Amino acid sequence: MASRSTSSLCTTTLLLLVVSWATSASARNFYQDFDITWGDGRAQILNNGDLLTLSLDKASGSGFQSKNEYLFGKIDMQLKLVPGNSAGTVTAYYLSSNGSTWDEIDYEFLGNLSGDPYILHTNVFSQGKGNREQQFYLWFDPTADFHTYSILWNPQRIIFSVDGTPIREFKNAESIGVPFPKAQPMRIFSSLWNADDWATRGGLVKTDWTQAPFTASYRNFNADNACVWSSGSSSCASSTSSSSDGNAWLSEELDSTGQDRLKWVQSNYMIYNYCTDAKRFPQGFPPECSMS
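The structure displayed is predicted, hence computed values, not measured ones. For every chain, the first residue of the written sequence is number 1, and numbering continues from 1 onward in sequence order. It should be noted that, the model being predicted, local features are given only for residues of pLDDT at least 70 and side-chain atom pairs only at 80 or more, the latter also being counted only at that level, while totals for whole chains, interfaces and linings use all residues. Water and hydrogen atoms were dropped before computing side-chain values, which therefore reflect all heavy atoms in the structure.

Remarks on the pairing of strand β13 (residues 187–194)
Turning to step 1, where the next piece is worked out: Two strands qualify as a pair provided that DSSP identifies no fewer than 2 bridges between them. Here a helix means four or more residues in a row that DSSP labels H or I, a strand means two or more in a row labelled E, and each is numbered from the N terminus. In this structure, strand β4 (residues 62–66) lies alongside β13, joined through four bridges in antiparallel fashion. Residue pairing for β13: Ser 62 is matched across the bridge by Leu 192.
Turning to step 2, where the next piece is worked out: As defined by bridge partners, strand β6 (residues 89–96) adjoins β13 across eight bridges and the pair is classed as antiparallel. From the neighbouring strand, Thr 89 faces β13, where its bridge partner is Asn 194.

Describing the nonpolar core
Turning to step 1, where the next piece is worked out: Here the nonpolar core consists of buried residues drawn from Ala, Val, Leu, Ile, Met, Phe, Trp, Tyr and Cys, with membership extended through side-chain atoms lying within 4.5 Å. Classification of residues uses two cut-offs on accessible area relative to the type maximum, computed with a 1.4 Å probe and protein chains only: under 20% is buried, over 50% is exposed, and between them is partly exposed. In terms of nonpolar packing, the biggest core is built from 60 residues, with Ile 75, Met 77, Tyr 107, Trp 153, Ile 158, Tyr 218 and Phe 221 touching the most fellow members.
Turning to step 2, where the next piece is worked out: In terms of residue count, strand β14 (residues 214–230) provides more of this core than any other element does, seven residues in total.
Turning to step 3, where the next piece is worked out: Listed in part, the five residues of the second largest apolar core include Val 90, Leu 110, Ile 119 and Ala 195.

As for the sheet that holds β13
Turning to step 1, where the next piece is worked out: Strand order in this open sheet of eight strands is β1-β4-β13-β6-β7-β8-β9-β16, and the pairing throughout is antiparallel. Edge positions in the sheet fall to β1 (34–38) and β16 (270–273), since each of these pairs with one other strand and no more. Between one strand axis and the next, the sheet turns through 15° on average, direction left out of account.
Turning to step 2, where the next piece is worked out: Strand direction decides the pairing type here: β1 and β4, joined by four bridges, are antiparallel. Across the sheet, Asp 35 pairs through a bridge with Gln 65, a residue of β4. Lines fitted to C-alpha atoms define the axes, with helix axes restricted to the stretch in contact, and inter-axis angles between N-to-C directions lie between 0 and 180 degrees.

Considering the packing of aromatic side chains
Turning to step 1, where the next piece is worked out: Ring pairs are drawn from Phe, Tyr and Trp, using the six-membered ring of Trp, whenever the two centres fall within 6.5 Å, and their geometry is named by plane angle: stacked under 30 degrees, edge-to-face over 60, tilted for the rest. Taken as a whole and assessed by the stated rule, the structure comprises 21 aromatic pairs.
Turning to step 2, where the next piece is worked out: Each ring, one from Phe 30 and one from Phe 34, has its centre 5.6 Å from the other, and the planes form 40°; the classification is tilted.
Turning to step 3, where the next piece is worked out: The class for Phe 30 is buried, based on a relative accessible area of 3%.
Turning to step 4, where the next piece is worked out: Measuring from ring centre to ring centre gives 5.0 Å for Phe 64 and Tyr 218, while their planes differ by 90°; the resulting arrangement is edge-to-face. Of the two residues, Phe 64 sits in strand β4 while Tyr 218 sits in strand β14, which places them 154 residues apart along the sequence. The two residues Phe 64 and Tyr 218 agree in class, both being buried.
Turning to step 5, where the next piece is worked out: Among the aromatic side chains, those forming a connected cluster through ring pairs are Phe 30, Phe 34, Phe 64, Tyr 218 and Phe 221.

With respect to helix α3 (residues 256–268)
Turning to step 1, where the next piece is worked out: The end-to-end C-alpha separation of α3 is 18 Å, in line with the 18 Å expected for 13 residues at 1.5 Å each.
Turning to step 2, where the next piece is worked out: Here α3 has its buried residues at Gly 258, Leu 262 and Val 265. The buried residues of α3 all sit within an arc of 65° when viewed along its axis, so they share a single face. Opposite the buried face of α3, at more than 90 degrees from it, the exposed residues are Ser 256, Lys 263 and Ser 267.
Turning to step 3, where the next piece is worked out: Contacts were defined at the residue level, with two residues in contact if any of their heavy atoms lie within 4.5 Å. Buried residues along α3 sit in contact with β9 (134–136), β12 (165–171) and β16.
Turning to step 4, where the next piece is worked out: Polar contact criterion, stated in full: a pair of N or O atoms within 3.5 Å, where within protein one must be able to donate a hydrogen and the other to accept it, and residues adjacent in sequence count only if both atoms are side-chain atoms. With a side-chain oxygen positioned 3.2 Å from the backbone nitrogen of Thr 257, the residue opening α3 is Asp 255. Each helix should span, by expectation, one fewer than its residue count multiplied by 1.5 Å. The directions from the helix axis to the C-beta atoms form the arc being described.

So, the state of the cysteines
Turning to step 1, where the next piece is worked out: By convention in this document, the label disulfide applies to cysteine sulfur atom pairs within 2.5 Å. According to the stated counting rule, one finds two disulfides in the structure shown.
Turning to step 2, where the next piece is worked out: Shown here is the disulfide that connects Cys 227 with Cys 236, its sulfur atoms set 2.0 Å apart. Between Cys 227 and Cys 236 the disulfide shows an S-S torsion of about -100°. By sign, it is left-handed. Of the two residues examined, Cys 227 and Cys 236, each falls in the buried class.
Turning to step 3, where the next piece is worked out: Between the sulfur of Cys 275 and that of Cys 289 lies a disulfide, 1.9 Å long from S to S. Taking the torsion about the sulfur-sulfur bond, which here is approximately -75°, the covalent link between Cys 275 and Cys 289 counts as left-handed. Here the residue Cys 275 occupies a position in the segment after β16, and Cys 289 occupies one in the segment after β16, the gap between them amounting to 14 residues.
Turning to step 4, where the next piece is worked out: Relative accessible area serves as the criterion here: at 17%, Cys 275 is assigned to the buried category.

Below, the structure written as structure tokens:
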């Protein structure tokens with residue numbers, strides 16, 4: 001009886017070890033996926049790679065970038081933004097390529113005085129041209145807990161989502177002469193920096209350095225559904241069509257529910273849209289603004 005019990009215990013222990021190994025082997029962490037690029041110790045990877053924090057003080061901000069480059073992807077990151085009086089600070093989280101005609105997909109979180117809402121600023125650059133800003137308030141306090149900020153980037157569209165709710169869609173409009181980011185691989189970047197010359201009420205509210213250090217936190221990065229670009233080729237079998245191997249996101253679009261949620265956000269929480277700024281475009285709106 002004792003022998004059978006010991007045998008059973010050994011089997012259970014072995015199974016637990018196998019499960020533990022499999023879990024740790026599949027789990028991603030910030031050590032594997034990102035490099036801290038600047039900040040002189042102000043950026044830190046903590047909790048065995050499960051948490052990354054960026055800090056800003058009067059001397060410097062900090063930042064990180066992904067080890068991999070991606071050409072299309074469905075990318076998630078959970079962020080908890082700088083709490084309290086964050087006026088003057090900007091937490092930027094974005095995809096970007098290199099060079100003078102770079103592509104870029106931006107989230108920027110503009111800090112504010114305590115009690116005032118953060119402004120979520122979005123932009124899309126293609127071939128070095130941006131000026132496609134849309135700004136939103138959020139329907140929750142982004143400093144109280146972690147929330148998931150996602151980018152779906154495929155050959156047909158770019159969709160920005162917050163906690164699974166789409167807030168913005170930028171469609172491929174090459175057919176009417178609008179460049180679309182589809183040829184340049186991009187890395188993921190994030191930085192926390194002082195922008196009190198413009199970030200809060202156009203620069204009227206300055207950073208209160210008695211509140212420093214300011215800290216933003218990151219966790220649960222996921223790029224399992226993304227095409228890693230390496231040595232001139234993509235990890236996806238085809239970068240232009242979906243297939244049965246899990247690349248359905250390459251042709252994903254908003255269903256009717258997603259479209260309804262997008263309209264809800266844009267009706268209730270959008271505070272700036274370049275496509276309605278007539279003063280900025282006296283000669284007429286950019287051509288993509290006429291697309292539904």
